[in-house]
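Per-entry structural report
In case you want the letters, here they are:
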Amino acid sequence: MSPADGALKLASYYSDHMVLQRGPQQAVLWGTADTEGDTVTAQVIGQGSAATSKVQNGKWKLKLPAITNPGPFTVDVKSRDGHVTLHDVLFGDVWLCSGQSNMEFEMKKVMNTSTEIPKGVTLKTIRYMKTQRAKSNTPVEDLQIGQPWTVPTEATLKEFSAVCYLYAEYLQSHLNYPIGLIGSYWGGTPIEAWSPPEATRSCPVVTHGTEPDCCPHGPHILWNAKIYALRAMTIYGAVWYQGETNADHTTEYNCQQKAMIREWRAQFNRESMGQTRADFPFGYVQLGAIDDKGYVGGFPALRWSQTANHGYSPNSDQHNVFMAVAMDLPDFTSPHGAIHPRYKQEVAQRLVMSALNVAYGHKGVKFQGPFPTKILTSGNTLTIEFDAGSAQLDIRNTHGFEICCSGGCNMFNNAVAAPITAHSQSSVTVDSSGCGSQHVQVVRYAWRTSPCHLLQCAVYDSITGLPAPTFYLTVPEGGGLIG
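Residues numbered from 1 in each chain as written. Predicted model: local features only at pLDDT ≥ 70, side-chain atom pairs only at ≥ 80, totals over all residues. Heavy atoms only, no water.

**Comments concerning the packing of aromatic side chains**
Using the following cut-off: We call Phe, Tyr and Trp rings a pair once their centres come within 6.5 Å, taking the six-membered ring for Trp, and we label the pair stacked below 30 degrees between planes, edge-to-face above 60, and tilted otherwise. Burial classification: accessible surface area is computed with a 1.4 Å probe over protein chains only, and a residue below 20% of its type maximum counts as buried, one above 50% as exposed, and the rest as partly exposed. Runs of E in the DSSP output that reach at least two residues are strands. Runs of H or I that reach at least four are helices, and both are numbered from the N terminus.
On inspection of all chains with the given rule, the structure shows 23 aromatic pairs. Between Trp 223 and Tyr 228, the ring centres sit 6.3 Å apart and the planes meet at 85°, which makes this aromatic pair edge-to-face. For Trp 223, a relative accessible area of 2% gives the class buried. Relative accessible area serves as the criterion here: at 17%, Tyr 228 is assigned to the buried category. Ring centres 5.9 Å apart and planes at 80° place the aromatic pair Trp 240 and Trp 264 in the edge-to-face group. Taken together, the residues Trp 240 in strand E12 (residues 237-241) and Trp 264 in helix H7 (residues 250-271) connect sequence positions 24 residues apart. Comparing Trp 240 with Trp 264 shows no difference in burial state: the two are buried. Among the aromatic residues, those joined into a ring-pair cluster are Trp 194, Trp 240, Trp 264, Phe 268, Phe 280 and Phe 282.

Right, here's the structure in full:
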């Protein structure tokens, strides 16, 4: 980027090598200038007409024409206060990646990193930038940049988010146009820190005790410093990997995640002058495993809350929201701690399958693992039908199903094991004799912090290899359809 000539400036995250959002959305540029009422003109050289904006209260903001040609292009911005030029600008889809340490987990730490990084460096139309670690009690408009926009290089890629980059790598093979990534994450942080005040006000107050030195916990503190300034930039969607720090407040998370998504969408749409969709696609990674000790803990209930208590996404409470299951991808011997598994490739692949269907409308892509739709009771057995009888199941072991009996159910206690005794192409039958003469009130599956070893939970789709997700379902009296 040419140095700012005079008082005309672009916001800090516009720079050479960046990706701006492609058409039909219009990319937004904004910045500051001194001369009140002056006209700022921006031109993508060789692509349509110029866009203009008046300086008001020291700020200006404009929409470029909708551009689908990937580029690269030069973008000129001029006013009486100066002239700024952006070089090597591409047009593609811009994705914001945020969350805590499993989103922050760098490419240099993944499985097969010696292969992954050289491959990534060859993909010159995936570009990325990273925000600086910063926190603030008030909204910050001048975003601090940790890594300016760059083409992939070994030095920068090894320090960038693995889930974020691999998601773009696998997604681009289907889209065949540029992808821009904005990494804004911080390990050990709760969802409240990333949420605007409008979101936290609508949910129960949560306190996490004394804030550790490593990781900001205060409400809004990272929204203010690392997200707020990005709202005016046109984006296609966001990917979120967070929740470990909220596993001690699982019920509240249901409200918190819905509220955060709602407010991110509303504010990005408003500040981008309607160019970021009001229902932009929002993907998330369901919590993975953390150790091999077999206890229930808070993770299963947090996973359930991540789905707004449906068990899958999207759903009636989560429009245009997609999910990747990660509970069956443990890495108990990870040198970075078992809470940080190195199998980020599988996570990214699952995210892409979901994104293709939900975010890009490729409805032929099957993106969800098997999910129960009917439970039938007979003597001392329950037969659980998946996907309205259309599932093609791959049963990898007989463990993972549990039941709890009338009057004794909650999400945090131990339940009675209900091993699989038989299965068909689309259903499993489990032993419910543990409840004796009592009614089976709840059936739950994979209801452990770490429910299985690598790719060895009980139920998978035999075609896609996708796992059935964690679920906690009330058994209808006498059996029947669920929901």
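**Details of the packing of helix H2 (residues 113-121) against helix H4 (residues 162-175)**
Here is the rule we go by: Under this scheme, a helix contributes an axis fitted over its contacting stretch, all axes are lines through C-alpha atoms, and angles between N-to-C directions fall in the 0 to 180 degree range. An angle counts as roughly parallel when it lies under 35 degrees, as roughly antiparallel when it exceeds 145, as roughly perpendicular when it falls between 65 and 115, and as oblique in every other case. The sense of a crossing depends on the near helix, which, turned anticlockwise from the far helix by less than a right angle, makes the crossing left-handed and, turned clockwise, makes it right-handed. We call two residues contacting when some pair of their heavy atoms lies within 4.5 Å.
The geometry of H2 relative to H4 is characterised by a closest axis approach of 12 Å and an angle of 60° between their N-to-C directions. In terms of orientation, H2 lies oblique with respect to H4. Considering the relative orientation of H2 and H4, their crossing is left-handed. On H4, the residues that touch Glu 116, Lys 119 and Gly 120 of H2 are Tyr 165, Leu 166, Glu 169 and Tyr 170.

**Quick notes on the state of the cysteines**
Operational definition: Sulfur atoms of two cysteines make up a disulfide when they are within 2.5 Å.
According to the stated counting rule, one finds six disulfides in the structure shown. Disulfide pairing is shown between Cys 404 and Cys 409; the S-S distance is 2.1 Å. Here the disulfide of Cys 404 and Cys 409 is right-handed, its torsion about the S-S bond being about 120°. Between the sulfur atoms of Cys 405 and its disulfide mate Cys 435 the distance is 2.1 Å. Across the S-S bond linking Cys 405 and Cys 435, the dihedral sits near -95°, which makes this disulfide left-handed. Taken together, the residues Cys 405 in strand E18 (residues 401-405) and Cys 435 in the loop between strand E21 (427-431) and strand E22 (440-445) connect sequence positions 30 residues apart. Both residues of the pair, Cys 405 and Cys 435, belong to the buried class. In the chain, numbering the disulfide-bonded cysteines from first to last in sequence yields the connectivity 1-2, 3-6, 4-5, 7-9, 8-10, 11-12.

**Considerations on the sheet that holds E18**
Heads up, the rule is: Strands were regarded as paired on the criterion that DSSP finds at least two bridges between them.
Spatial ordering of the open sheet is given by E19-E18-E22-E24, a layout of four strands whose pairing is antiparallel. The open sheet has two edge strands, strand E19 (416-417) and strand E24 (471-474), and neither has a second partner. Bridge analysis of E18 against E19 gives two bridges, and the strand direction is antiparallel. In the strand pairing of E19, Ile 403 is matched with Val 416.

**Notes on the pairing of strand E14 (residues 321-324)**
Worth spelling out the cut-off: If the strands point away from the viewer and the path from the first strand over the helix to the second runs clockwise, then the crossover is right-handed.
Side chains Val 321 and Met 323 project from E14 onto one buried face, and the interleaved Phe 322 and Ala 324 project onto a second face that is buried too. Relative to E14, strand E13 (residues 282-285) runs parallel, the two sharing four bridges. Across the sheet, residue Phe 282 finds its bridge partner in E14, namely Val 321. Regarding topology, helix H8 (residues 299-306) serves as the crossover connection from E13 to the parallel E14, and that connection is right-handed.

**Notes on the UniProt feature "domain: Sialate O-acetylesterase" (unreviewed entry) in the chain**
Inclusion rule: UniProt positions are given in the numbering used here, feature names are shortened, and annotations may be inferred rather than shown by experiment.
The UniProt entry lists residues 93-289 under the feature "domain: Sialate O-acetylesterase" (unreviewed entry), expressed in the numbering used here. The span residues 93-289 is 32% helical and 18% strand by assignment, and the distance between its end C-alpha atoms comes to 31 Å.

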